[in-house]
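Secondary and tertiary structure notes
Residue strings, one per chain:
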Amino acid sequence: MSNSEEDFNFAYLDEQTKRMIRRALIKALCIPGYQVPFASREMPMPYGWGTGGVQVTAACLQETDVLKVIDQGSDDTTNAVSIRKFFERVAGVKTTENTGKASVIQTRHRIPEQVLSEDQILVYQVPIPEPLRFLEPRETETRVMHALEEYGLMHVKLYEDISINGEISTAYAYPVKVNDRYIMDPSPTPKFDNPKMNFCPAIQLFGAGREQRIYAVPPYTKVISLDFEDYPFEASRAEKTCEICGATNTYLDEVVIDDKGTRMFSCSDSDYCNSQKS
Amino acid sequence: MAEGSLFDPELASLAIKQARGDLIEAIFLIRAYRTTLPRFGVGQPINTDKMIAKRRISATFKDIPGGQLLGPTFDYTHRLLDFKLLADGSIDEFEPGKDTEQMFQHVTQFLNNEGIIETEETSSSEAESPDLTRQPLEIPANRALRLQALTRSDEGFLLGMAYSTQRGFGRNHPFVGELRIGLISVEFEIPEIGFNIEIAEIEISECETVNQFLGSKTHPPKFTRGYGFVFGQSERKAISMALVDRALRWKELGEVSDGAPAQDEEFVLYHGDNIQATGFVEHIKLPHYVDFQAELELIRKIRKTAFEAKKG
């Protein structure tokens, strides 16, 4: 027995597994924001590191696809490099760092700054798919709450935030309502990215491997961040300019550059930053 | 070494060998050996800023002064069975690069300079830092005692507890502010000569988490901390410990408990010790037939009475 690449099916998963995942994906696209249970497989990376996203990507990839993988917005972060290499090895697909040239983009924690197009799929890695989980830890309860569209608890939580802190104290994984029906967790993207989900031309797929859930937002679907009339949603970012490309409208990373704690700010989306520089 | 509360890599290896790979049995051997050792004093508090780190990463900043130092880890490897090892059983030792052995300031210090994270209280007196291995565990325990109990706790138990907080049973929104593994020297003050001498160099894993904040419109919110410290290279346990430490701190931070298992000090501290647990769980395979006989007699008697009552 050997462990050469030929021993793996295209994109690692066997065809039956891919079919099972594709069925879940189609169901998810038909009921936007609804969490579809699926029989998540063990993957050769740990749970919590993108097994859901990797399975969704594996089920979507065709030999002609061009794959981009980002983590924290950047192509050069260790986990992004690791997942990109994985698909280079087991699927042999072309990869790119250029957002515009990718047909499938797998992401952890960011949505690219560049507006996506109709022929692109954005695959999110999701740790906790249930937006109500931190209000109600039991899955049996939260599924009923979704079924009955019983979302009062979430609004009470947001209201309590305002009464205690003067504003809604959720900075990432900020809950959204999809197609006027399901409350959905956008995965732990900073809330700065939430507006990009609304009427996005690309297909948005979400995979949570450990929790065995897939959900989706079809193209041009309404995705609204929860808020109140007198406390409207605000997509916040560091009020600084990128020190590499000079962008003033992007999400920025704060980097400590010396032992005195001096900070520098730069775009978290490394591809966008490079494109602005040149 | 961690669960055994004894830093001695050679004896730990011996214990694992003698226990034929059964780790709890090996810990048991180490604990039983530790009992025979006298306690001859209290070392100086160690300052992990002075650690010679072979691994040091932060998840809260993309880059940090000194850099992200990946070091020995399975992270980012693909978990594919390496069949070559069947034929050729040797595994390469980790060899640190030349530039890797250095000291780093703690990442949480950068947040502390800004006053945006709570400052750690230090305790110096014995009363504030009792020795769990010399005194019985009393509840409520202070944080020093809790941390001792946690670092001795079973890795799997802590991992499960930590995982439960991430899934909503006592959630505390953690980020890994910093995780570091490396060598640090232990100093001991000898009264006769009046200064500190280095008595050992130990390998430790340390994890500091940055957790979601407390505060109000009038009291500016601050990030809070969880802390994990484990003998040897054991980052899974260090991270788990930091999450559980933070979950147990709800009372001192003025939070409301969800009633989650990981927030219940008595539940966590009393059930994390795997030597106590394995002893008691497995003791039920000892003969218990005298008690069982008594139960048999009782149940027969009750059944008889019930049948008779039915027949009426």
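Residues numbered from 1 in each chain as written. Chains lettered and ligands numbered in written order. Predicted model: local features only at pLDDT ≥ 70, side-chain atom pairs only at ≥ 80, totals over all residues. Heavy atoms only, no water.

Helix and strand counts for chain A come out as seven helices and twelve strands. The C-alpha radius of gyration of chain A comes to 19 Å, within 12% of the 19 Å expected for a compact globule of 278 residues. Overall size of chain A, expressed as C-alpha extent along the three principal axes, is 65 × 50 × 35 Å. Looking at chain A as a whole, 54% of its 278 residues are labelled buried. Of all intrachain contacts in chain A linking residues separated by at least 6 positions in sequence, the fraction that spans at least 24 positions is 60%. Summing over all exposed atoms, chain A offers an accessible surface of approximately 12,300 Å²; the carbon and sulfur share of this is 50%. For chain A, the separation between the mean place of its 30 positive charges and that of its 41 negative charges on side chains is 3 Å. (Helix = DSSP H or I, 4+ residues; strand = E, 2+ residues; numbered from the N terminus. Rg over C-alpha atoms; globule rule 2.2 N^0.38 Å. Buried < 20%, exposed > 50% of the residue type's maximum accessible area, 1.4 Å probe, protein only. Contact = heavy atoms within 4.5 Å. Areas by Shrake-Rupley, 256 points an atom, 1.4 Å probe, with all protein chains shown as cover. Lys, Arg positive; Asp, Glu negative; His and termini not counted. Charge placed at Lys NZ, Arg CZ, Asp CG, Glu CD.)

Residue and element names in this part refer to chain A. For strand S5 (residues 121-125), a buried count of five out of five residues is recorded, marking the element as mostly surrounded by other parts of the structure. Here S5 shows no split at all, with Ile121, Val123 and Gln125 on one side and Leu122 and Tyr124 on the other all buried. In terms of strand pairing, strand S4 (residues 104-108) meets S5 through four bridges, oriented parallel. Bridging from a neighbouring strand, Thr107 pairs with Tyr124 of S5. Of the pairings in the sheet, the one linking S5 to strand S8 (residues 203-208) comprises five bridges and is parallel in character. Bridging across to S8, Val123 finds its partner in Leu205. (Pairing = 2+ DSSP bridges.)

Take the interface of chain A and chain B next. Across the boundary between the two partners, chain A contributes 41 residues, which contact 32 residues of chain B. Where chain A packs against chain B, one counts three salt bridges. Between chain A and chain B we count eight residue pairs in polar contact (both at pLDDT 80 or more) in total. Only helix H3 (78-90), helix H5 (152-165) and strand S11 (252-256) of chain A provide two or more residues apiece to the side of chain A that touches chain B. For the side of chain A that touches chain B, the leading source of residues is H3 of chain A, giving six residues. Here the residues of the side of chain A that touches chain B sort into 17 nonpolar, eleven polar and 13 charged. (Salt bridge = Lys/Arg side-chain N within 4 Å of Asp/Glu carboxyl O. Polar contact = N/O pair within 3.5 Å; in protein donor to acceptor, adjacent residues only side chain to side chain. Nonpolar A, V, L, I, M, F, W, Y, C, P; charged D, E, K, R; others polar.)

Topologically, Ser225 of chain A is positioned in strand S10 (residues 223-225). Beyond its immediate stretch of four places on either side in the chain, Ser225 of chain A contacts Tyr174, Pro175, Val176, Asn194 and Phe233 of chain A.

Among soluble globular proteins, nonpolar side chains are generally buried collectively. Among the nonpolar cores identified, the biggest contains 44 residues, and Leu25, Phe87 and Ile214 of chain A are the most heavily contacted of them. Secondary-structure elements contributing two or more residues to this core are helix H1 (15-30), helix H2 (51-60), strand S2 (66-71), H3, S5, H5, strand S7 (182-184) and strand S9 (213-217) of chain A. The next biggest cluster of nonpolar side chains, apart from the first, holds 35 residues, and it includes Leu69, Cys207, Met241 and Ala247 of chain B. (Core = buried A, V, L, I, M, F, W, Y, C linked by side-chain atoms within 4.5 Å.)

For the rest of this paragraph, the subject is the pattern of salt bridges. Residues and elements named next belong to chain A. For the structure on display, the rule yields 38 salt bridges over all chains. Salt-bridge contacts for Arg143 lead to Glu139; the nearest nitrogen and oxygen are separated by 3.6 Å. You can see Arg143 and its partner Glu139 sitting in helix H4 (residues 139-147), four residues apart, about one turn around the helix. For Lys177, the salt bridge is made with Glu149, and the minimal N-O distance between the two is 3.9 Å. On the criterion of sequence distance, the pair formed by Lys177 in strand S6 (residues 176-178) and Glu149 in the loop between H4 and H5 is long-range, its members being 28 residues apart. The exposure class assigned to Lys177 is partly exposed, which follows from its relative accessible area of 25%.

What follows is about the state of the cysteines. Residues and elements named next belong to chain A. Considering all chains together, one arrives at zero disulfides over all chains under this definition. Of the cysteine sulfurs around Cys60, a residue in no disulfide, the closest is that of Cys30, at 14 Å. Taking relative accessible area as the criterion, Cys60 reaches 17% and is therefore assigned buried. You can see Cys273 has no disulfide; the closest cysteine sulfur is in Cys242, sitting 3.7 Å from it. On the accessibility criterion, Cys273 (4% relative accessible area) is buried. (Disulfide = S-S within 2.5 Å.)

Turning our eyes to something else, we now look at the sheet that holds S6 of chain A. Residues and elements named next belong to chain A. Spatially, three strands are ordered S7-S6-S10 in an open sheet, and the strand pairing comes out antiparallel. The sheet is open, and its two borders are formed by S7 and S10, each paired with just one other strand. Strand-to-strand twist in this sheet, taken as the mean axis angle between neighbours without regard to direction, amounts to 35°. Looking at chain direction, S6 and S7 are connected through three bridges and run antiparallel. Within the sheet, the bridge partner assigned to Val178 lies in S7 and is Tyr182. (Axes fitted to C-alpha atoms, helices over the stretch in contact; angles between N-to-C directions.)

This brings us to unusual backbone geometry. All names here are of chain B. With an omega of 0°, the peptide bond between Ile139 and Pro140 qualifies as cis. Among the secondary structure elements, Pro140 is positioned in the loop between helix H4 (107-113) and helix H5 (143-152). Even without glycine at this site, Tyr76 takes up a positive phi of about 65°.

Moving on, we get to helix H6 (residues 155-166) of chain B. All names here are of chain B. In a regular helix each residue adds 1.5 Å, so twelve residues correspond to 16 Å; H6 covers 17 Å between its end C-alpha atoms and thus fits that length. Buried within H6 are the following residues: Leu158, Met161, Ala162, Ser164 and Thr165. Buried residues of H6, seen end-on, are gathered within an arc of 155° and therefore sit on one face of the element. Among the structural elements, H5, helix H7 (235-248) and helix H8 (265-271) are those in contact with the buried residues of H6. (Expected span 1.5 Å × (residues − 1). Arc of directions from axis to C-beta.)

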